[in-house]
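Here's the letter readout for the chains.
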Amino acid sequence: MKSPSYIGRFAPTPSGYLHFGSLVAALASYIDARAVGGQWLMRMEDLDPPREVAGAQLAILQTLERYGFEWDGEVVYQSLRHEAYAEVVNRWLSQGLAYACTCSRKQLEDFHGIYPGLCRNVGHDPEHAAVRIRVPELEYRFKDRVQGEFTQHLGRDVGDFVIRRRDGLYAYQLAVVIDDAWQGVTDIVRGADLLDSTPRQLYLQELLGLPQPRYLHVPLITQPDGNKLGKSYRSPPLSSDQAIPLLLRALRALGQPVSDELEYASLRELLDWGIRHWDAALIPRTHSLEEALLS
Ligand code: GLU
Ligand code: ZN
């Protein structure tokens, strides 16, 4: 029942361990793929060694295995893909689509994260500078399977954004687009914290002449105070002896009608139940940790 028309993926960043929010995203992407007989790939987004936590890569993969996830093929490591990113950045630099930016953080601090184009027409040497891509004064929109229509005006709300940092490291926005296409990904299921990165990624796909994947952004699990549940907050790494209760809780956070009897199921039975009964239309747009803990 393999459907080459669906290739999904999970793409963790090893700057921390998996927490409950990442489990919800991993589970949704895994089940959404398997429910249609699709493939599910694994990509380690290890683009930023200075921010990497020692041991996190292995811990993430081991945790996923202990939670019953099985991915297709070998893990792709972005740290081994620099040539592919360099080729694109250099091409865009030579075409004048991208340019070098030497602005300091201090120079940009009054612009609230929207780049004001200071270096756009200066012609700095890109060697020891950041590289930005020119964005058009246009809205980019897409229809998310859970979050609905999402629109962002790239010129007004984002500005020319960094694709290669001053220290030579490649930006997530660039690498994710190149690798999703290279791996043939058709369906991106991930956390809603990346909703407002998507229009930038649509624009890069357009520049590269790539097909647009389908998107499903699962609800962010927020803290009781409404803040994002993240690596900084008390979100302990997932413990391997809690797989069944935490997977049940994650399925409930995804709106799936799990019954209490599933507590006695095996890991495989639980995941298979999730795959057989999967209904993405039941996924709520937001979810709080309180709800997750109570359910
Ligand atoms: N590596 C990103 C993260 O862990 C996810 C990238 C993606 O799914 O597009 O937040
Ligand atoms: Zn600049």
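Shown above is the structure to which this text applies.
Computed from a prediction, not measured in an experiment: that's the story for all the values here.

J.: Hey, could you run me through the packing of aromatic side chains in this one?
T.: For any pair of aromatic rings, the description consists of the separation of the ring centres together with the inter-plane angle of the planes. Enumeration according to the criterion identifies eight aromatic pairs in this entry. Considering the side-chain rings of F10 and W40, the 6.4 Å spacing of their centres and the 15° angle between planes classify their relative orientation as stacked. In this pair, F10 sits in strand β1 (residues 7–10) while W40 sits in strand β2 (residues 39–44), placing the two residues 30 residues apart along the sequence. Residue class for F10 comes out buried when judged on its relative accessible area of 8%. Here R81 stacks its cationic end above the ring of W182, 3.6 Å away from the centre of that ring. In this structure, R200 packs its charged tip against the face of F161, placed 6.0 Å from the ring centre.

J.: Hey, could you run me through the site of ligand 1 in this one?
T.: Taken together, the neighbourhood of ligand 1 is formed by R9, A11, P12, T13, E45, Y172, V176, R190 and L194. At 2.6 Å, a side-chain N or O of R9 approaches an oxygen atom of ligand 1. Taking T13, its side chain carries an N or O atom lying 2.7 Å from a nitrogen atom of ligand 1. Looking at side-chain class alone, the shell around ligand 1 contains five nonpolar, one polar and three charged residues.

J.: How should the environment of R105 be read in this particular structure?
T.: Looking at where R105 falls in the secondary structure, it is placed in helix α4 (residues 105–108). For R105, a relative accessible area of 78% corresponds to the exposed category. Put simply, R105 and H277 are 172 residues apart on the chain and 49 Å apart in space, counted from C-alpha to C-alpha.

J.: Where do I start with the nonpolar core in this structure?
T.: Nonpolar side chains in soluble globular proteins tend to end up buried together. Core analysis: the largest hydrophobic core is formed by 48 residues, its most contacted members being L23, L27, L64 and F69. Sorting the residues of this core by element identifies α1 (20–34), β2, α2 (56–66), β10 (214–218), α8 (243–253) and α9 (267–277) as the ones contributing at least two each. Broken down by element, the residue count for this core peaks at ten residues, all from α1. If we ignore the near neighbours within four places in the chain, the residues touching L27 are F69, L247, A250, L251, L254 and L271. Counting 31 residues, the second largest nonpolar core, distinct from the first, contains L41, Y85, A98 and A175.

J.: Sorry if this is basic, but what is going on with unusual backbone geometry here?
T.: Working note: non-glycine residues mostly have negative phi, and peptide bonds are mostly trans. Here the phi dihedral of H112 falls at roughly 50°; this positive angle occurs in a residue that is not glycine. Here H112 shows up in the loop between α4 and β5 (130–133).

J.: Looking at this structure, I do not really get the sheet that holds strand β8 (residues 161–164). What am I missing?
T.: In any sheet, the strands associate via hydrogen bonds between backbone groups, in a parallel or an antiparallel arrangement. Taking strand neighbours across the sheet as the criterion, the three strands line up as β4-β5-β8 in an open arrangement whose pairing is antiparallel. At either margin of the open sheet sits one strand with a lone partner, and together these are β4 (98–101) and β8. The mean angle between the axes of side-by-side strands here comes to 45°, regardless of whether they run parallel or antiparallel. By the bridge criterion, four bridges tie β4 to β5 in an arrangement that is antiparallel. For A98, the partnering residue across the bridge sits in β5 and is I133.

What counts, and at which threshold
Residues numbered from 1 in each chain as written. Chains lettered and ligands numbered in written order. Predicted model: local features only at pLDDT ≥ 70, side-chain atom pairs only at ≥ 80, totals over all residues. Heavy atoms only, no water. Phe/Tyr/Trp six-rings, centres within 6.5 Å; stacked < 30°, edge-to-face > 60°. Helix = DSSP H or I, 4+ residues; strand = E, 2+ residues; numbered from the N terminus. Buried < 20%, exposed > 50% of the residue type's maximum accessible area, 1.4 Å probe, protein only. Lys NZ or Arg CZ within 6 Å of the ring centre and 35° of its normal. Near = heavy atom within 4 Å. Polar contact = N/O pair within 3.5 Å; in protein donor to acceptor, adjacent residues only side chain to side chain. Nonpolar A, V, L, I, M, F, W, Y, C, P; charged D, E, K, R; others polar. Core = buried A, V, L, I, M, F, W, Y, C linked by side-chain atoms within 4.5 Å. Contact = heavy atoms within 4.5 Å. Pairing = 2+ DSSP bridges. Axes fitted to C-alpha atoms, helices over the stretch in contact; angles between N-to-C directions.

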